[in-house]
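Fold and contact review
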Amino acid sequence: MSQDDFYRGDAPWSDAQHGTGATSPSPSGPPPGYGPPPGYGPPPGYAAPGWAPPGYGPPSGYGSPSGYGPPSFGAGRRPTNGLAIAAVISIFLFPPLALVLGVLARNQIRRTGEEGAGLALAAIVIGGVAVAMIVAFVLFWTIALVSISNGTLGG
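The following refers to the structure shown. (Residues numbered from 1 in each chain as written. Predicted model: local features only at pLDDT ≥ 70, side-chain atom pairs only at ≥ 80, totals over all residues. Heavy atoms only, no water.)

1. A look at the overall build of the protein
Heads up, the rule is: Each helix is a run of H or I in the DSSP string that is no shorter than four residues. Each strand is a run of E no shorter than two, and both are numbered from the N terminus. Residue burial is assigned from relative accessible area. The probe radius is 1.4 Å, only protein chains are included, and a residue is buried under 20% of its type maximum, exposed over 50%, and partly exposed in between. Whether two residues touch is decided by their heavy atoms; if any such pair falls within 4.5 Å, the residues are in contact. Only the protein chains shown count as cover for residues, and the accessible areas themselves come from Shrake-Rupley with a 1.4 Å probe.
Helix and strand counts for the protein come out as three helices and zero strands. When the elements of the protein are put in sequence order from the N terminus, they spell out α-α-α. Within the protein, buried positions represent 13% of all 155 residues. Excluding contacts between residues fewer than 6 apart, the proportion of contacts in the protein whose partners are at least 24 apart in sequence is 46%. Only carbon and sulfur atoms are counted for the fraction: they give 67% of the accessible area of the protein, which is about 13,000 Å².

2. Brief notes about the nonpolar core
The condition that has to hold: Within this scheme, the nonpolar core is defined by two criteria: the residues are buried Ala, Val, Leu, Ile, Met, Phe, Trp, Tyr or Cys, and they are joined through side-chain atoms within 4.5 Å.
Residues Ala87, Ile91, Ala98, Leu101 and Ala123 constitute the largest nonpolar core, which totals five residues. Counting only elements with at least two residues in this core, the list comes to α1 (82–93) and α2 (95–112). When residues no more than four places from it in sequence are discounted, the contact partners of alanine 98 are Ala87, Ser90, Ile91 and Ala123.

3. Topic: helix α3 (residues 117–150)
Along an α-helix, residues three or four positions apart point the same way, because every turn accommodates 3.6 residues. Stated precisely, the cut-off is as follows: A helix is expected to span 1.5 Å for every residue after the first.
Helix length check: α3 (34 residues) gives 49 Å between terminal C-alpha atoms against 50 Å at 1.5 Å per residue, within 8%. Buried residues of α3: Ala120, Ala123, Gly127, Ala130, Ala144 and Ser147, and no others.

4. Side note on the side chain of serine 90
Its location among the elements puts serine 90 in helix α1. Excluding its chain neighbours within four sequence positions, the residues that come into contact with serine 90 are Pro95, Leu97, Ala98 and Leu101.

5. A few points about α2
To be explicit about the condition: What the arc covers is the set of directions going from the helix axis to the C-beta atoms.
With 18 residues, α2 should cover 26 Å at 1.5 Å per step; its first-to-last C-alpha distance of 25 Å lies within 8% of that length. Within the span of α2, buried status applies to Pro95, Ala98, Leu101, Gly102, Ala105 and Ile109. Projected down its long axis, α2 shows its buried positions confined to an angular sector of 110°, all on one face. Exposed residues pointing more than 90 degrees away from the buried face of α2 are listed as Arg110 and Arg111. Of the surrounding elements, those touching the buried residues of α2 are α1 and α3. One or two positions beyond α2, positive phi appears at glycine 113, with a value near 80°.

The quantities given are spatial measurements derived from coordinates; they are silent on function.
What follows is the structure, given as structure tokens:
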């Protein structure tokens, strides 16, 4: 058997099979006679390709900006007023005390510039509402007991 007797695959596809007589391009490159595809040039007034566009340059990384130290957490933060914290806690223990401590804390915060004005305000509002409810409850029962003892209730 000679080398010519071996099957070496089908012949490349050609337009000759379809009657045009031209052969199709081989899979290894563009057909003969054609150049590279046309490209688009830069718009008028812009730099030629190969030049980097104007900008800020590459990012400098994730460190601190030059001239500044690392961020310190809590720096520059004012302390919270202790009376304001005590006023909020006393809401649950004795609401009239919360009202008094809240007013004192607000006055102290205005003088010192500390944090906690919101806490003090919350203590004043909640303490005031609680005191008003306590006063209404005591008045209701006082009136009820006096009217029962005089015999004017239901009688």
